[in-house]
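# Analysis of the macromolecular model
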Amino acid sequence: MAFRRQIVRATLQNANGNNFAQLARAGGRCLSSASPSSSAAPADSPPQLPPFDHRPKPYKGPSAEEVLQKRKTYLGPSLFYYYQKPLNIVEGKMQYLFDESGKRYLDAFAGIVTVSAGHCHPEILKAIVEQSELLQHATTIYLHHAIADFAEGLAEKMPGNLKVVYFVNSGSEANELAMMMARLYTGNLEMISLRNAYHGGSSNTIGLTALNTWKYPIPQGEIHHVMNPDPYRGIFGSDAAGYAKDVEDHIAYGTSGRVAGFISETIQGVGGAVELAPGYLKMVYDTVRKAGGVCIADEVQTGFGRTGSHYWGFETQGVIPDIVTMAKGIGNGLPLGAVVTTPEIASVMSQKIQFNTFGGNPVCSAGGLAVLRVLDKEKRQQHCAEVGSHLIGRLGDLKEKYDIIGDVRGRGLMVGIELVTDRKEKTPAKAETAVLFEQLRELGILVGKGGLHGNVFRIKPPMCFSKADADFLVDALDYSMSKL
Amino acid sequence: MQRFVARSGLLEGGRRRAQSLLRSQQQQQKQTRYFAQAAREKEIANDVLPKMPPFDYSPAPYTGPSVDEILAKRRQFLSPSMFYLYKKPVNIVEGRMQYLFDEGGRRYLDGFGGIATVNCGHCHPDVVDAIVSQVKRIQHPTILYLNHAVADFAEALASKMPGNLKVAFFTNSGTEANELAMMMARLYTGCQDMISVRNSYHGNAAGTMGATGQRSWKFSVVQSGIHHVLNPDPYRGPFGSDGEKYAKDVQDIVDFATTGHVAGFISEAIQGVGGIVEAAPGYLPAVYKNVRKAGGLCIADEVQSGFARTGNMWGFEAHGVVPDIVTMAKGIGNGMPLGAVVTTPEIAEVLTRRSYFNTFGGNPVSTAAGLAVLKVIDKDNLRENASTVGAYMKDRLTALKEKYEIIGDVRGRGLMIGVELVSDRQKKTPANAETLHVLDQMKEMGVLIGKGGFYGNVFRITPPLCFTKEDADFLVDVMDYNMSKL
């Protein structure tokens, strides 16, 4: 609806031939595909945000400059931020964010794939507020129903024998625990992770993480980083077998032949929305298990229906892991993480005490359970599939139009757009990415950036993102790229 | 630690007069307490049960799952290593200040504070207000954009720190904070060797599990570069309260077990999980000196002792040292999952070499709660309260020690108190069974406290800091009553 109004407005505003391209696009969606002629330029006026019926509260707090100054003084030089002129975000509602002046932005990054249901989603808010007023924290040394109910809710979403849940406070903590479990259960030390992966910033997880930007020079022992089954940049393209052999080789030549485990994201997040070559996990899980190892699926970014086709990312590869880790979207922004595994693997942990003070606290558990319910009730997985395929479809069209788009990839609402200055060489278009990134912000869209070279747009919005939002995003990208 | 203060002769007379006045006041108070105590002890001797202080609050009616249902789900869906206290576990459904309520609406005195975590008091209105207003505005935009909450909190936290400790990093737990601190020390110095203290607890991730010094909490993982030194334990240590003698062990480790240069030293001012063991006086200053000579950084783990619990804002203050890095969690957010590392700008700079990022760390809701906590500590005068009520409770417990052979030691500072039970005062044989039994009985009478220590024979008393003298009386009386039944 909104789009048609946009078209009419644009048509009335533009005297020259630009309206034809827009009409063609609009018509194309309804009738036949528009001809992706590079000579058809986008409108001269920038696209408009879809309408949204919410007025943010007037903001009376510190200004962006004041906040930035305090950050520099009290939060250290290593805390980075986006944009030349950083954004002061003070309020959020569903898929939109508001800055200090009340300006609305389309949040296409969801606080880094974290706000799954939508900012300040009323049902989740209700659960959090009610519980905060009753009991914030007592620890699991006493009973409380929230953690038990939430664990049950999570276990119900898991296939196979994955039904013992541990609650922690972040993805790093979850992956630390998973890695320790793998080593204890198998009695082996070697862990295998993928190049270009991100698994955390603590001692062990820094070892698993395989992007030099995020690795500090600390001891990381016994980790093997195998070839990344990257369909776009990988040497074997989409042929999983070649990459899977690299895992076999690492085990045969670099270890005792027995390993602790293998961990991977199904769609690498920080690494730039890289989806693993199809069939890869099946082969590797087989290899790793033969070598005595366990298979860990890092669902910190891909979980909870975001991929559209399945609830969990690993399901897209047709495997069942031994351990699953999650965080980010699990609580719509609450500091919460979880590890789910089988009773056999869990039993090794009972040799000693394993305790997490904040883990499973009533507020986060109540919030987490509300998230599970909301995502089901609002059929978010299906929605991600629909809006996601529409988005990817339109981005595919855009790729035909602009040479700078080297690759469009992803699934559901976990999408990546890789920009290159040369399609053959795949030279990262870092500068252009940075420029477009800023441009999009000016137009009211906040996306993410990723990839080792920082040349991939990461589009992973709250799952209430609509088709109109997707159209606005693509139109804005189109508009900005035409101005490059 | 000895402090020599020059006294001026002119003031001496006035000072002596003031001191004698104070002494007579204290004696009067002692007399009043003595009579009240005697009355209470008479009651206990006559089998009259102690009464919980009154509290004008009714919990909401509970209509959720029962104890049995919860237990069944825990067994089915949660970790098999997840334990709970008490033979008959308590189902805690609501909290208000220093009290907790179970499913039947029964009130308990919370002598444990959710493990030294709820410092302001359960659902303290100022803190809840801050949380609720922020959560309704925005829970999580990501720290890649600006938001005033984290900046305001960092500024306020820095203002509570001595020296040049003014750069903060926010995490979600004590484990994450200690992990980051250890990494920073290693990066800053270029050395790998870390020194931690036996009987300590620092966390459960790879690095921090290595630093932790108690086998019950250590799985068989690789611990690269950690050295555990003699615990300066005044009660069980070989050198009693002579801190400097224990410090020599640190020098030995540096000289013989490392390259002579170390990354750092990490310790709690008062060991929490280890059973409220306060470092022997003189230890920290001596060790800090040795470690710094070896190029290392001194990390103070304030996860349990921080935020006014000991009567000072930070545990390390009582030892006259200024650390290079301070880690905190637990009390920082009155129960919000939040942790922090505070250090100097020079040390903070190491992280700029690469990227360190914490997705949830510094989110507006947690930091709004943190700021509210700092304000409540000042507004509700929690340092003063912890100090006064803590000293009072410790005195009463010390008197209890005179009464019962089973109490081997009473120790701690402010509202971080430990009572160690032994079946033989000479041999200090841990009295586990009795500890468990009394813990359980106290719960039956409405008092919740914690347990700790390597042998599991230490009562840990770490209540919300709004704990009153009446609460302390009730706690001690209930302990007295149950010990008399042993």
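Source: prediction; values computed, not measured.

Residues and elements named next belong to chain B. Along the chain, the position of Lys443 falls in helix α13 (residues 432-444). Polar side-chain contacts of Lys443 include one of 3.0 Å to the side chain of Glu444. Beyond its immediate sequence surroundings of up to four residues, Lys443 is in contact with Tyr86, Lys88, Val90, Arg106, Tyr108 and Leu448.

As a further point, take the pattern of salt bridges. Under the counting rule described, the total for this entry stands at 36 salt bridges over all chains. Asp403 of chain A is the salt-bridge partner of Arg423 of chain A, the closest N and O atoms lying 3.9 Å from each other. One end of the pair, Arg423 of chain A, is in the loop between β14 (414-422) and β15 (427-428); the other, Asp403 of chain A, is in the loop between α13 (380-401) and β13 (405-411), with 20 residues separating them in the sequence. Here Arg423 of chain A falls in the partly exposed class, since its relative accessible area comes to 36%. A salt bridge links Lys427 of chain B to Asp424 of chain B, with the nearest nitrogen and oxygen atoms 3.7 Å apart. Each of the salt bridges in this network shares a partner with another, and the network as a whole consists of Arg233, Asp407, Arg409 and Glu418 of chain A.

This paragraph deals with the environment of Ala210 of chain A. Residues and elements named next belong to chain A. The residue Ala210 is located in the loop between α8 (203-208) and β6 (223-226) in this model. A C-alpha to C-alpha distance of 25 Å links Ala210 and Lys424, two positions 214 residues apart in sequence. With residues near it in sequence (within four places) discarded, Ala210 still touches Leu194, Arg195, Asn196, Ala197, Lys215 and His225.

On to the confidence of the model for chain B. Low-pLDDT portions of the prediction should not be read for the details of their coordinates. Residues and elements named next belong to chain B. Model confidence for chain B is summarised by a mean pLDDT of 93, while 94% of its residues fall at 70 or above. Note on residues 1-7: pLDDT under 50 across the span, and eight contacts to partners over four residues away in sequence or across chains. Of the two predicted TM-score estimates for the complex, the pTM is 0.87 and the ipTM is 0.84.

Using the criterion set out here, one finds zero disulfides over all chains in the structure. Looking at Cys464 of chain A, it has no disulfide partner, and the nearest cysteine sulfur is the one in Cys384 of chain A, 9.4 Å off. There is no disulfide at Cys120 of chain B, and the cysteine sulfur nearest it, in Cys466 of chain B, is 8.2 Å away.

Calculation rules
Residue numbers run consecutively from 1 along every chain, following the written order of its sequence. Just so you know, chain letters begin at A and ligand numbers begin at 1, following the order they were written in. Thresholds applied to this predicted model are a pLDDT of at least 70 for local features of residues and 80 or more for the giving and counting of side-chain atom pairs; totals over whole chains, interfaces and linings are not thresholded and use all residues. The basis for the side-chain values is all heavy atoms of the structure; hydrogens and waters are excluded. Helix numbers and strand numbers start at the N terminus; a helix is a DSSP run of H or I with at least 4 residues, a strand a run of E with at least 2. The term polar contact refers here to a pair of N or O atoms within 3.5 Å; inside protein, the definition further demands a hydrogen-donor-capable atom paired with an acceptor-capable atom, and it admits residues adjacent in sequence only when both atoms are side-chain atoms. Pairs of residues are marked as contacts when any of their non-hydrogen atoms sit within 4.5 Å. What makes a salt bridge here is a side-chain nitrogen of Lys or Arg within 4 Å of a carboxyl oxygen of Asp or Glu, nothing more. Remark: exposure states derive from per-residue accessible area (1.4 Å probe, protein chains only) relative to the maximum for the residue type, with buried under 20%, exposed over 50%, and partly exposed in between. Confidence of the predictor at the level of single residues is captured by pLDDT, which takes values from 0 to 100. Two cysteine sulfur atoms form a disulfide, by the criterion used here, when they sit within 2.5 Å.

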